[in-house]
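# Observations on chain architecture
The residues making up each chain are set out below.
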Amino acid sequence: MKMSGTQVAAHSFVRDTGETVLALRREAALAVARQRRLEQSLVQERARAEAVEDQARRALARGEELLARQVLARGLCSLETRRQLESELDEARRHVARLLARVVRAENRAWGLR
């Protein structure tokens, strides 16, 4: 059975909408994966910061103030890294939320077309 021009156009539009939904889902999945990697990196960075603080406390307990200062100075780099990761994670969370909202809207449009 041959479709009319309108039917062909409608079928093409539905197909394109479905492809858009799939592309948005893929993009959202990648964004969620990036968010999880950032969360893991932040957990590791926080653990490193705690280790630096513990090392500095132990040095102070032994009376090695200079060593404690050196350890804490090295920890400043870790602090900057942690702040950067926190900023990136905040942005990643906002990006994921925006993408998921777009996926829902696209899926709702696609379901409305069927």
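The structure we're discussing is the one just above.
Reference entry: report on the structure contained in this document.

What counts, and at which threshold
Sequence order sets the numbering: in each chain, residues are counted from 1 along the sequence as written. Only residues with pLDDT of 70 or above have their local features reported here, since the model is predicted, and side-chain atom pairs are shown and tallied only from 80 upward, although totals for entire chains, interfaces and linings are computed over all residues. The basis for the side-chain values is all heavy atoms of the structure; hydrogens and waters are excluded. The secondary structure listing takes helices from DSSP runs of H or I that are at least 4 residues long and strands from runs of E that are at least 2 residues long, numbered from the N terminus. Using a 1.4 Å probe on the protein chains alone, a residue whose accessible area is under 20% of its type maximum counts as buried, one over 50% counts as exposed, and one in between counts as partly exposed. As used in this structure description, the phrase polar contact means that two N or O atoms lie within 3.5 Å; if the pair is within protein, one of them must be able to donate a hydrogen and the other to accept it, and residues adjacent in sequence are counted only when both atoms belong to side chains. We call two residues in contact whenever any of their non-hydrogen atoms come within 4.5 Å of each other. Whenever a carboxyl oxygen of Asp or Glu lies within 4 Å of a side-chain nitrogen of Lys or Arg, that contact is scored as a salt bridge.

### Section: the environment of Val 104
Locating Val 104 in the fold gives a position in helix H2 (residues 65-113). The partly exposed category is assigned to Val 104, whose relative accessible area is 44%. Taking C-alpha positions, Val 104 is 8.7 Å from Val 21, a pair spaced 83 residues apart along the chain.

### Concerning the side chain of Glu 45
By the secondary structure assignment, Glu 45 is in helix H1 (residues 5-61). Within the structure, the side chain of Glu 45 is placed 2.8 Å from the side chain of Arg 48, a separation counted as a polar contact. Apart from the residues within four sequence positions on either side, Glu 45 is in contact with Ser 78, Thr 81, Arg 82 and Leu 85.

### Some thoughts on the pattern of salt bridges
Within this structure, the stated rule accounts for 11 salt bridges. Among the ionic pairs, Arg 57 bridges to Asp 54, the shortest N-O distance being 2.6 Å. With Arg 57 and Asp 54 both in helix H1 and three residues apart, this pair spans about one turn of that helix. In this structure, Arg 98 and Glu 91 form a salt bridge, with 3.2 Å as the shortest nitrogen-oxygen distance. Among the ionic contacts, a cluster of salt bridges with common partners joins Glu 53, Asp 54 and Arg 57.

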